[in-house]
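Fold and contact review
So the chains spell out like this:
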Amino acid sequence: MAVSGGKDSFAMLLLMEEFRRRAPVRFDMVSVTVDSGYPGFCPEIIEEFVKSRNIAVHIERTNHYGIINEKKRPGSSYCSICARLKRGSLYEVASRLSCNKLALGHHLDDFIETLLLNQFFVGSLKAMSARMLADNGETVVIRPLVYTPERDIIKFSEAAQLPVVSCSCPVAGDSDMRRKRMKRLLDDLESEIPNIRKSMLTALSNVKPRHLLDLSLI
Ligand code: SF4
């Protein structure tokens, strides 16, 4: 499972460990952190925390920082190159460690914000998949927190005193202004439509293709 050191992936790690204890089927887990090489990033804190929970841990050290600085062109997005490199490393490590699933910590809010982002800025009706075969054709990506609202994760993170680690990248905090705008929009709408987040998530599993304009679906 991918553990960046943020609240979402730490919460997923603990919840999956609890799930593993109770599940009627046996499976093993390993926490994988990709160290992109950003100065100041402290994977040791993640390693120590994961080990303290008796969960296997792997830190993948990379030179993504150097590659991004070399490849980045004016106007290109730091995050998109960083995320692509990170995802590639995760697939590669999953394959090397013989993991048949890769769990990512995206939560309910990520799903519906992505749905809005794709409609507003890309002109496409799509969100994320809770389970899909990755582009490498062998790893199945799962997102176990799909039904968990971000505010529950924030409360959990505080109550469990998770040792959240900053990614220390050059754009941390300023990244993804569009996603932040979607969050504000949803917060505003929620004051009038209290159930809006759950309703939007439900809509993702209640699609009526005949009432859309995509001829390939009719
Ligand atoms: S915020 Fe930083 S660590 Fe996260 S994807 Fe963007 S560049 Fe990478």
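First, a word on scope: everything that follows refers to the structure included in this document. Worth saying up front: this structure is predicted, and the values here are computed from it rather than measured. (Residues numbered from 1 in each chain as written. Predicted model: local features only at pLDDT ≥ 70, side-chain atom pairs only at ≥ 80, totals over all residues. Heavy atoms only, no water.)

**Concerning the site of the ligand**
Inspection of the region around the ligand gives 8 residues, with Y78, C79, C82, C169 and V171 positioned closest. Classifying every residue of the shell around the ligand gives 6 nonpolar, 1 polar and 1 charged. (Near = heavy atom within 4 Å. Nonpolar A, V, L, I, M, F, W, Y, C, P; charged D, E, K, R; others polar.)

**Structural notes on the pattern of salt bridges**
Here the structure, examined in full by the defined rule, presents 19 salt bridges. Notably, a salt bridge pairs E113 with K183, separated by 2.9 Å at the nearest N-O pair. Here E113, found in helix 5 (residues 108-122), pairs with K183, found in helix 7 (residues 177-192); they are 70 residues apart in sequence, far enough to count as distant. Notably, a salt bridge pairs E150 with K183, separated by 2.9 Å at the nearest N-O pair. In this pair, E150 sits in helix 6 (residues 150-159) while K183 sits in helix 7, placing the two residues 33 residues apart along the sequence. Counted as one network, the salt bridges with shared partners bring together K7, D8, D110, E113, E150, R179 and K183. (Salt bridge = Lys/Arg side-chain N within 4 Å of Asp/Glu carboxyl O. Helix = DSSP H or I, 4+ residues; strand = E, 2+ residues; numbered from the N terminus.)

**Considering the sheet that holds strand 3 (residues 101-103)**
Taken together, the 3 strands give an open sheet; going across it, the order is 3-5-4, and neighbouring strands pair in mixed fashion. On the outer flanks of this sheet lie strand 3 and strand 4 (131-133), each paired with one strand and no other. The average angle at which neighbouring strand axes cross in this sheet is 25 degrees, direction not considered. Bridge analysis of strand 3 against strand 5 (residues 140-142) gives 3 bridges, and the strand direction is parallel. Residue pairing across strands places K101 opposite V140, the latter belonging to strand 5. (Pairing = 2+ DSSP bridges. Axes fitted to C-alpha atoms, helices over the stretch in contact; angles between N-to-C directions.)

**Let's talk about the environment of K101**
Topologically, K101 is positioned in strand 3. The exposure class of K101 is partly exposed, given its relative accessible area of 36%. In this structure, K101 is in contact with R131, T139, V140 and I142, ignoring residues within four places of it in sequence. (Buried < 20%, exposed > 50% of the residue type's maximum accessible area, 1.4 Å probe, protein only. Contact = heavy atoms within 4.5 Å.)

**Some words on helix 4 (residues 78-96)**
Between the first and last C-alpha of helix 4 there are 27 Å, a value that for 19 residues agrees with the 27 Å anticipated at 1.5 Å per step. For helix 4, the full list of buried residues reads Y78, I81, C82, S89, L90, Y91, V93 and A94. Lining the buried residues of helix 4 we find strand 1 (30-35), strand 2 (56-61), helix 3 (64-71), strand 3 and strand 5. In the stretch just after helix 4, S98 is the one whose phi turns positive, near 60 degrees. (Expected span 1.5 Å × (residues − 1).)

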